[in-house]
Amino acid sequence: MKAAILQLLSQLELDKNIRIRYACESGSRAWGFPSPDSDYDIRFIYLHPREWYLAVNEGEDNIRIMPNELLDGNGWDFRKFLRLTHASNASVFEWLNSPILYLEDKPFAEGLRSLAAAYFQPKKVMHHYLGIATGMLEKEFGEMEVKIKKYFYVLRPVLSAYWIAEHGTPPPIDFYELLPLVKNNPSVHQAITDLLKQKETALEGEKVPRVDMLDDFLSAEMERCETIARNAEKRPVTWDAINDFYRKTLDIK
């Protein structure tokens, strides 16, 4: 599949007159718990020719491609990605830290990772993950059975917020790297592990009975993390480092 994805990206470069400098997997495959029929969520960062960035008018800064039901691609222009980095957008950290890479200009990617670390705002990203979890609970958890993948669509953001509360850094993308957070609670750890085993063979729509222990854990952890996020201070940042990287990359003096 990687060869097909690289071919898709190469053709996109020709069709759009862009250069893709970074491409990765997002979604359940990057998170470590895909379903047998999961699609591929391709995310990429691209640059236009230098003149595009010197125009008075601003062009479109997003490209979406869905050539078939299996491939779902979404790309952001370099300048847009830098603006989102300044805003500590959670997707910036998820893309740059994905464990599945399709294409990487290493100096470019490492420069972006250094910037992202400097502009990380724990308060904002924790609220982002808690918001995802809250929305999923309200939408999907109204009955005694729930789609198995939806449990992980709540567990992952809650454990990501938990990670930030504990470490003050962007959380790992691979769900299995978040699991040590609950090793001090063997029952919860075992319940999550059991669900992971079921998820390995479960199709997208398969449901499981609600697990009271996990529901209680999620509720308590969300309340705890919300209190921590509410009391966290926003870190002061400027545009200087981002502007420097922007000019250096585009060779603008």
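The structure under discussion appears in the preceding block.
Residues numbered from 1 in each chain as written. Predicted model: local features only at pLDDT ≥ 70, side-chain atom pairs only at ≥ 80, totals over all residues. Heavy atoms only, no water.

### Let's talk about the nonpolar core
Consideration 1: By size, the foremost hydrophobic cluster in this structure holds 67 residues, and its most contacted members are Phe78, Leu112, Phe152, Phe175 and Ile192.
Consideration 2: Sorting elements by how many residues they give to this core places helix H7 (residues 148–167) first, with 11 residues.
Consideration 3: Setting aside residues up to four positions removed in sequence, Phe78 forms contacts with Ile45, Tyr46, Leu47, Tyr53, Phe108, Leu112, Phe245, Tyr246, Thr249 and Leu250.
Consideration 4: Ranked by size, the runner-up nonpolar core spans 15 residues in total, among them Leu12, Ile42, Ile63 and Leu71. (Core = buried A, V, L, I, M, F, W, Y, C linked by side-chain atoms within 4.5 Å. Buried < 20%, exposed > 50% of the residue type's maximum accessible area, 1.4 Å probe, protein only. Helix = DSSP H or I, 4+ residues; strand = E, 2+ residues; numbered from the N terminus. Contact = heavy atoms within 4.5 Å.)

### Topic: unusual backbone geometry
Consideration 1: For Asn17, which is not glycine, the phi dihedral falls at a positive 55 degrees.
Consideration 2: Here Asn17 shows up in the loop between helix H1 (2–16) and strand E1 (19–26).

### Structural notes on the pairing of E1
Consideration 1: Burial of E1 is extensive: seven of the eight residues sit out of reach of the surface.
Consideration 2: Pairing of E1 with strand E2 (residues 40–47), which is carried by seven bridges, proceeds in the antiparallel orientation. Its bridge partner being in E2, Ala23 is matched across the sheet by Phe44.
Consideration 3: Pairing between E1 and strand E5 (residues 101–104): three bridges, direction antiparallel. Along E5, the bridge assignment pairs Ala23 with Leu103. (Pairing = 2+ DSSP bridges.)

### A word on the packing of aromatic side chains
Consideration 1: The tally for this structure, following the rule as stated, stands at 17 aromatic pairs.
Consideration 2: An aromatic cluster of at least three residues, connected via ring pairs, comprises Trp52, Tyr53, Phe78, Phe108, Phe245 and Tyr246.
Consideration 3: In this arrangement the basic side chain of Arg29 is found over the ring face of Tyr40, its NZ or CZ atom lying 3.8 Å from the centre.
Consideration 4: Lying across the ring of Tyr162, Arg224 places its NZ or CZ 4.8 Å from the centre. (Phe/Tyr/Trp six-rings, centres within 6.5 Å; stacked < 30°, edge-to-face > 60°. Lys NZ or Arg CZ within 6 Å of the ring centre and 35° of its normal.)

### As for helix H8 (residues 186–199)
The periodicity of an α-helix, 3.6 residues per turn, causes residues three or four positions apart to be oriented the same way.
Consideration 1: With 14 residues, H8 extends 20 Å between its outermost C-alpha atoms, agreeing within 8% with the 20 Å of an ideal straight helix rising 1.5 Å per residue.
Consideration 2: Every buried residue of H8 is accounted for by Val188, His189, Ala191, Ile192, Thr193, Leu195, Leu196 and Lys199. (Expected span 1.5 Å × (residues − 1).)

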